[in-house]
Amino acid sequence: LDAQRDVWFSISGDLCLDAQRDVNDLGCYIKVISGCQQLDKETRAFGLPSDFKEGIVFSTYATLVSSVTKSSSAFSSKQQTRLDQLIAWCGGKDFEGCLIFDECHKAKHYAPDNEKASTKVAMAVASIQRLLPRARVVYCSATGVTDVQDMAFMERLGLWGT
């Protein structure tokens, strides 16, 4: 895991405490930030609180495909996707931290070049990998694969010639 910033996706926010325990068991005593909602504490004047500037953001797949309304001034607001929020927190295309896809079978319904046949989760998982091309990626799942097409979102494995 990168000493600065990493992102861990899983199926339930309840697993955040388990993630913190697992990281500590590895001898890493870095903060696990519970959900993207913690990143909402950023303000225009002060930025992000110092204790949320590095660590591991623990996010659910449901949060990854959601959006948040952010105030841009006293009289207006705009929608920001959680995907965009995470990309910004990571620092963009030069991010070299780790993306951990726990229970990654949640993204199995991915059809490259056919967005309509893909789920939102699968599209977001594929997108974050492309938007952070230097990130290290870990795919974890105890669920067996019944069809090789269910692994299409695992682009970093290099099985599909890209």
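Here, every reference points to the structure presented above.
Every value quoted in this text rests on a predicted model; they were computed, and no experiment measured them. (Residues numbered from 1 in each chain as written. Predicted model: local features only at pLDDT ≥ 70, side-chain atom pairs only at ≥ 80, totals over all residues. Heavy atoms only, no water.)

**A look at the pattern of salt bridges**
Here is step 1 of the chain: Following the criterion strictly, the structure yields six salt bridges and no others.
Here is step 2 of the chain: Asp22 is paired through a salt bridge with Arg21; the nearest N and O atoms lie 2.9 Å apart.
Here is step 3 of the chain: Assessed through its relative accessible area of 29%, Asp22 is described here as partly exposed.
Here is step 4 of the chain: According to the relative accessible area criterion, Arg21 is partly exposed, its value standing at 43%.
Here is step 5 of the chain: Close ionic contact of Glu155 with Arg130 constitutes a salt bridge, the shortest N to O distance being 2.5 Å. Pair noted here: Glu155 is in the segment after strand E7 (136-140) and Arg130 is in helix H4 (residues 120-131), with a separation of 25 residues, a long-range link.
Here is step 6 of the chain: Overall, the relative accessible area of 47% leaves Arg130 in the partly exposed class.
Here is step 7 of the chain: Each of the salt bridges in this network shares a partner with another, and the network as a whole consists of Lys93, Asp94, Glu96 and Arg134. (Salt bridge = Lys/Arg side-chain N within 4 Å of Asp/Glu carboxyl O. Buried < 20%, exposed > 50% of the residue type's maximum accessible area, 1.4 Å probe, protein only. Helix = DSSP H or I, 4+ residues; strand = E, 2+ residues; numbered from the N terminus.)

**Some thoughts on the nonpolar core**
Here is step 1 of the chain: Grouped together as the largest cluster of nonpolar side chains are 33 residues, with contacts concentrated most on Phe9, Leu99 and Phe101.
Here is step 2 of the chain: Within the residue set of this core, elements represented by two or more residues are strand E1 (5-10), helix H2 (61-64), helix H3 (82-90), strand E6 (98-102) and H4.
Here is step 3 of the chain: It is H4 that provides the largest number of residues to this core, a total of six residues.
Here is step 4 of the chain: Contact partners of Phe101, with chain neighbours within four places excluded, come to Phe9, Tyr61, Val125, Ile128, Gln129, Val137, Val138, Tyr139 and Cys140.
Here is step 5 of the chain: With nine residues, the next largest nonpolar core counts Trp8, Cys16, Val32 and Phe58 among its residues. (Core = buried A, V, L, I, M, F, W, Y, C linked by side-chain atoms within 4.5 Å. Contact = heavy atoms within 4.5 Å.)

**Some remarks on the sheet that holds E7**
Sheet strands line up and pair through hydrogen bonds in the backbone, either parallel or antiparallel.
Here is step 1 of the chain: The five strands lie next to each other as E2-E3-E1-E6-E7, forming an open sheet whose pairing is parallel. Among the strands making up the open sheet, the edge pair consists of strand E2 (32-34) and E7. Taking each pair of neighbouring strands and ignoring which way they run, the sheet shows an average axis angle of 20 degrees.
Here is step 2 of the chain: Where E2 lies against strand E3 (residues 55-60), three bridges are found, and the strand directions are parallel. If you follow Ser34 over to E3, its bridge partner there is Phe58.
Here is step 3 of the chain: Of the strands in this sheet, E1, E2 and E3 are in contact with H3, which crosses E1 at around 150 degrees. (Pairing = 2+ DSSP bridges. Axes fitted to C-alpha atoms, helices over the stretch in contact; angles between N-to-C directions.)

**A short note on the packing of aromatic side chains**
Here is step 1 of the chain: By the definition in use, this model includes five aromatic pairs.
Here is step 2 of the chain: Between Phe9 and Tyr61, the aromatic rings sit 6.0 Å apart at their centres with planes inclined by 25 degrees, giving stacked as the arrangement. Highlighted residues: Phe9 in strand E1 and Tyr61 in helix H2, separated in sequence by 52 residues. Like Tyr61, Phe9 is buried.
Here is step 3 of the chain: Ring centres of Phe9 and Phe101 lie 5.3 Å apart, and the angle between their planes is 10 degrees; this geometry places the pair in the stacked category. Of this pair, Phe9 sits in strand E1 while Phe101 sits in strand E6, and the two are 92 residues apart along the sequence.
Here is step 4 of the chain: Grouping aromatic residues by their ring pairs yields a cluster made of Phe9, Tyr61, Phe101, Tyr139 and Phe153. (Phe/Tyr/Trp six-rings, centres within 6.5 Å; stacked < 30°, edge-to-face > 60°.)

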